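A look at the structure
Spelled out from the first residue to the last, the chains are:
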Amino acid sequence: METSEFVIGQRWVSHSDTALGLGIVTDVSGRRVTLGFPAADEERTYAIDNAPLSRIIYQQGEDIETFAGEHYVVHAVEDLNGVLVYHADDGETIHQISEVKLAGSVNFSAPHQRLFAGQFDRNGAFRLRVSTLQHLDRLRASPAQGLIGARTQHLPHQLYIAQEVARRHAPRVLLADEVGLGKTIEAGLILHYQLHTGRARRALIVVPDSLIHQWLVEMLRRFNLRFSIVDQSRYDDIKAQENDVDALMNHIFGDDDRVNPFEADQLVLCSLDFLVRSEQARNDALSAGWDLMVVDEAHHLAWSPEQISPEYDVVESLSAASKGLLLLTATPEQVGVASHFARLRLLDPARFHDLEAFRQEEQQYESINKVVRRLLDTPDSISADDQAALANWLGDELDELLAREDAHQAVIDALLDRHGTGRVLFRNTRAAIQGFPARQPLPEPLPCPPLYDAARYGNLGLAPEQSADEERWLAEDPRVAWLEKKLTGLRPAKVVVICARADTAMALERYLQLRAGIRSAAFHEHLSLVERDRAAAYFADSEQGAQALICSEIGSEGRNFQFAHHLVLFDLPANPDLLEQRIGRLDRIGQTESICVHIPYLQGTSQEVQYRWFQDGLNAFAESCAVGVAVHEQVSEQWQQALDGDATVLEPLLAASAEETGRLKTLLHNGRDALIELNSCRRDEADALIASIEQEESSAQVRDYMVQAFDILGVDIEDHSDHADVLKPGEQYQAGHVAELPEDGLTVTWEREQALQREDMAFMSWEHPMVTGIMDSVTSSGLGKAALANLSVKALPAGTLLLEALFAVHCPAPESLQLTRYLPVSPLRLVVDVNGRDLTNALPHDRLNELCSNIRRRTAQAIVPRIRTEVETMVEHVEQLAAPHLSSLQERALAQVEAGFVPEVRRLEALQRVNPAIRDEEIAYLRGQLNAAREAVGHASLALEGIRVIVTS
Ligand SMILES: Nc1ncnc2c1ncn2[C@@H]1O[C@H](COP(=O)(O)OP(=O)(O)OP(=O)(O)O)[C@@H](O)[C@H]1O
């Protein structure tokens, strides 16, 4: 090197010791140059002739950092007497930054700059980078994306809903499958998809107290989603971390910097009761802001024009602070149609704005269904009558829809949306899915004891024991002795016993445990959360566990007891939907036996009336009865009279109820349910989705990829058994790239079936956090960005240089646009020689991998400075070759942007015609998003992501 090349203040790196960082020339005297290396706090002097140094020049578009930690993007580079001045941008203005001021660490984004700075890796790291981008590209375009790797069976009705909802931006829907069909799983799949694709980052799950732990466990073991519970004690703990000075300052200067426990984690699980109780917690949850909120057992959110329940009130305000909202309930009309409507309004205020209009719409469902059926049956024609009916429903929009290629489907979708609950409500029923075990009602009439004599004590209602002394009713109520005998007779079969009240459950459990010697556990609201979970776990234990779980009504919601098939209804609830919830604890996915529903009731009392009403009026024991609440509304007066002891109304009540049940079921079957069913599972789409998930899951590719990564990242892999391995940190372990690998190793399986059997093994799929973590780490770090390799083939003269380059699409855009769904990574691989010849097809990547070998580091360091000019020339050639590829990617992306946004704009415009509450600004906002997306796609570029320089020998 010439002496004149070195000028005090210039920045160079030592390629024999890259750990020194970015050096600064501090002295040039005689034939020696001295550099300080601030990052390593060292000074080195080299002979100028053979100094192992490379000049560092950042290029346009690269990030630079100053000693003060400020970051800029380079716009232009100016040479002032040998020292560079960067014209660089901090996001607002352009600054002039002398290279003297640069920080001591080297951070290159351009692969060739990394190479010149001595930051190159082994061949294998480049290979890993190429395959990472290729897999990412494939996975992001796959319909299976976001739905791979759940530890669940692939059930079509769940996956259909999951993909339909999860792909939406900020989805707001009601998941209303019948009890036990897997709404939690559907919500988990949607959450997983949204988090995996970056559509959501912050999620809040709100559930009843009794379901907190179950949700925590389900999210973790099935989806690898780690939620943090915020309850009163954690809330107080985090608050206590706010020190006194902070608190004082906040008090003086306002609340803005208060510690907010809901901001401590991105995924938070908390109970609705807690939010209702604590105003402070509620306000914190509100101000934390969410991308997606899930509310389980949403039938608790009661609403009427006259009275809003505190639960509804809390969820209403939170729902305004969350972009997406999933409400879950198997019995949406449990507390009335008005509440059902109010929840739909939370989900889509533009569509559901008037309760009366909603009620009227429900009357039209049957005629809409008839037209929809005809559209489905005759995809090529529409009768004049149907055309007229459609014009009446859809107005001007009809012509637009009919002009579309998929005209019939578009018309059906619009009808379901504008006049049904199409977009917001999903409900799968046992009848539609089929294959569920039968329910067998086993009534047990028992004599009413003198203890409850109506003539003496009046009508004691559905739970007469509450009016008696505990000792007495335990001794005299024949249901108690019957229960003891039944449990003994069924031993060792597990039995769930449900009664309405906690006092009854506690007394019964004590009696069974202490006096009858039956292993049992109680489950009720007076136990702490931990005690409840302990009781449920004791019951679930198949060897040492309890035979019976005695629950109060809180045991009738959400819990999973399908390992049992005997249910005792110690009393009956008033509400038919509550009965369905109770039976649903056992009648759920995973139940393998027919379910015995034991119903002990006291003859001649309200219990008998209620039993007969459920059995003969609604047939609600043997079948799920979605119309129970509606029938009740029709017959409520007679029902109350019968319950109060008027024997004359019972038979007419039963006859009227049975008739109304039949009528409403037929109506729903032909109307609302038919429409919802059309929407809730399209079997062919679900099957195609499952096929693509299984293709990704069953491929050996994920294991091959991980083996390749483990080799580079120093993870040892040992054979465990078929499809399973043990992973352990090895000697060269690079912890920074590998998440979730414990020091003592991890046993993993690569097969979903095995993962379902063996919960102790991690299920490694393309979407396991360790796999996604490695992929993220490779793409966001410099690993494998630059590599130098040797190629020995007779066809090429020794000393020939080749460049294998990898490009990917970059498209900076606001996250809300979610542009990656339209413009994927699209990796582009090209190979050139120094003359710019395109050798991409002649030298495929796999072939090069086989032929290339690593060059010893010391030799490579000597070679790099000598080939710098040639490498720069090849980079220019390859950039020219890549450039034309961009426009076709942009064109495709633009078409998809239009297809994604335009129907949304149209829908809102169509709804605005019938709903004046939709503001012009809302439509303008969507249009703005569309324009911003178009513009961002227009600015996309192809960036050089990695290079492998190949030297032949
Ligand atoms: N795809 C699946 N693979 C394996 N298990 C499943 C699957 N779907 C549901 N289950 C199991 O079936 C049971 C019922 O599922 P889940 O709790 O999601 O139903 P739900 O509709 O939310 O019930 P509820 O109406 O009672 O709240 C749970 O034990 C769940 O783990």
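Here is what the cut-offs are and how they apply
Residues numbered from 1 in each chain as written. Predicted model: local features only at pLDDT ≥ 70, side-chain atom pairs only at ≥ 80, totals over all residues. Core = buried A, V, L, I, M, F, W, Y, C linked by C-beta atoms within 7 Å. Buried ≥ 20, exposed ≤ 12 C-beta atoms within 10 Å, placed from the backbone. Contact = placed C-beta atoms within 7 Å. UniProt positions renumbered as here; feature names shortened; annotations may be inferred. Helix = DSSP H or I, 4+ residues; strand = E, 2+ residues; numbered from the N terminus. Pairing = 2+ DSSP bridges. pLDDT = per-residue confidence, 0-100.

Among soluble globular proteins, nonpolar side chains are generally buried collectively. Core analysis: the biggest nonpolar cluster contains 180 residues, and Val206, Val294 and Leu803 have the highest contact counts within it. Apart from residues lying up to four places away in sequence, Val294 is in contact with Ala187, Leu191, Ile205, Val206, Leu326 and Leu328. The next biggest cluster of nonpolar side chains, apart from the first, holds 64 residues, and it includes Leu460, Ala500, Ala546 and Leu618.

What follows concerns the UniProt feature "binding site: ATP" (unreviewed entry) in the chain. Listed under "binding site: ATP" (unreviewed entry) in the UniProt record, and renumbered for this structure, are Asp177, Glu178, Val179, Gly180, Leu181, Gly182, Lys183 and Thr184. Position of Leu181 relative to the elements: it lies in the loop between strand S10 (172-175) and helix H4 (183-196). Residues within four places of Leu181 in sequence aside, it is in contact with His157, Asn428, Ile433 and Ile589. When you line up the elements, Lys183 lands in helix H4. In this view, Lys183 contacts Leu175, Asp177 and Leu328; residues no more than four positions away in its chain are not counted.

This part covers the pairing of strand S27 (residues 786-791). Note that S27 and strand S31 (residues 941-952) share six bridges and pair parallel. When the bridges of S31 are listed, Ala786 appears paired with Ile947. Relative to strand S30 (residues 852-854), S27 runs antiparallel, the two being bridged by three bridges. Of the residues in S30, the one forming a bridge with Leu791 is Cys852.

Spatial ordering of the open sheet is given by S12-S13-S11-S14-S15-S10-S16, a layout of seven strands whose pairing is parallel. At either end of the open sheet lies a strand with only one pairing partner, and these are strand S12 (228-229) and strand S16 (425-426). Sheet topology places strand S11 (residues 203-207) next to strand S13 (residues 267-271); five bridges connect them, and they run parallel. Bridge assignment links Leu204 to a residue of S13, and that residue is Val268.

Once that is clear, we can look at the confidence of the model for the chain. Of the residues in the chain, 96% reach a pLDDT of 70 or more, and the chain-wide mean stands at 88. Taken over the whole predicted complex, pTM reads 0.82, whereas the ipTM for its chain interfaces reads 0.98.

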